[in-house]
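If you want the building blocks of each chain, they are given just below.
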Amino acid sequence: QLNSLQITFSVVFVTVAMLLLLAAVGYGMVFAARLTEPVSKLVIAAERIRGGDFSARVTPPESQDEISMLSRAFNRMTEQLQAQRGELIEANRRLDERRRFSEAVLSGVSAGVIALDRQKKITLFNRSAMSILESIGQTLSMDTGINEIFPGIHELLSKAEHIPNEVTDDTMTLTKNNKTITLHARITVEKIGEEIEGFIVTFDDITMLVSAQRTAAWADV
């Protein structure tokens, strides 16, 4: 009878232990699912954002725990990213419109226009600048140095740096391939605050005007 009681007690003990173990495993699985599901959603949403879909959002858990706070912070972050991306796209669109407008204006200007950065490297030029310089066989490209095109212009640029709020101008003569042209050049300084960001060099071919003035002067003589 004692052995039968011990066996019964052992069976009950093992059964209760197994039930407790199963309950613990079940609770652990439920807890793990509740913990990993929001994290999985965050990972999936992050992958969508990495792919360029800034509309990705996650549904925060109803519980007010760290995962819920993280989900809300993630949603706020994606909203800000989406708004900033929209602002950047709009800003780029406006810049592109302004660039096309500037190019259209420059292409219709008879004067030559050359833009320089703060290191005095050519960043932009119009068709008139190419046409005027090609009349004496001088090529114009982004790799061409401004001093190579206009010998002695560094003095005019230095003068413009000292008086950046005024337009600096001078007349210069270019000679190449036994051809000579007279240009009237003007330099305007581009500034942001007090910092010089670049220079705008505009020039007109006044060869015919100078020739006419000389002819008129000889006629007066």
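All figures in this text were calculated on a predicted structure; none of them were measured in a lab.

Bringing the sheet that holds strand S1 (residues 112-117) into the picture now. Here we have five strands laid out as an open sheet, ordered S2-S1-S5-S4-S3, and antiparallel in their pairing. Among the strands making up the open sheet, the edge pair consists of strand S2 (122-125) and strand S3 (168-176). Between one strand axis and the next, the sheet turns through 25° on average, direction left out of account. Summarising the sheet, strand S4 (residues 179-192) and strand S5 (residues 195-205) pair through ten bridges and their orientation is antiparallel. Paired with His184 across the two strands is Asp204, which belongs to S5. Taken strand by strand, helix H5 (residues 153-162) contacts S1, S3, S4 and S5, and its axis lies near 165° from that of S3.

What follows concerns the packing of aromatic side chains. The final tally for this structure, using the stated rule, is one aromatic pair. Residues Phe150 and Phe203 carry aromatic rings whose centres are separated by 5.1 Å and whose planes lie at 70° to one another, so their mutual orientation is edge-to-face. A residue pair is termed long-range when its members are at least 10 positions apart, and Phe150 in the loop between helix H4 (146-149) and H5 and Phe203 in strand S5 qualify at 53 residues. Taking the relative accessible area as the measure of exposure, Phe150 reaches 1% and is therefore buried.

In terms of nonpolar packing, the biggest core is built from 25 residues, with Ile114, Leu116, Phe150, Ile153, Leu183, Ile187 and Phe203 touching the most fellow members. Looking at this core element by element, the count peaks at five residues for S4. Setting aside residues no more than four positions away along its own chain, Ile153 makes contact with Ile146, Asn147, Met172, Ile187 and Val201. Core analysis: the second largest hydrophobic core is formed by seven residues, Leu42, Ala45, Phe54 and Phe74 among them.

So, about the side chain of Ser71. Position of Ser71 among the secondary structure elements: in helix H2 (residues 66-107). Here Ser71 falls in the buried class, since its relative accessible area comes to 2%. Not counting chain neighbours up to four residues away, the residues in contact with Ser71 comprise Leu42, Val58, Pro60 and Pro61.

Calculation notes
Residues numbered from 1 in each chain as written. Predicted model: local features only at pLDDT ≥ 70, side-chain atom pairs only at ≥ 80, totals over all residues. Heavy atoms only, no water. Pairing = 2+ DSSP bridges. Helix = DSSP H or I, 4+ residues; strand = E, 2+ residues; numbered from the N terminus. Axes fitted to C-alpha atoms, helices over the stretch in contact; angles between N-to-C directions. Contact = heavy atoms within 4.5 Å. Phe/Tyr/Trp six-rings, centres within 6.5 Å; stacked < 30°, edge-to-face > 60°. Buried < 20%, exposed > 50% of the residue type's maximum accessible area, 1.4 Å probe, protein only. Core = buried A, V, L, I, M, F, W, Y, C linked by side-chain atoms within 4.5 Å.

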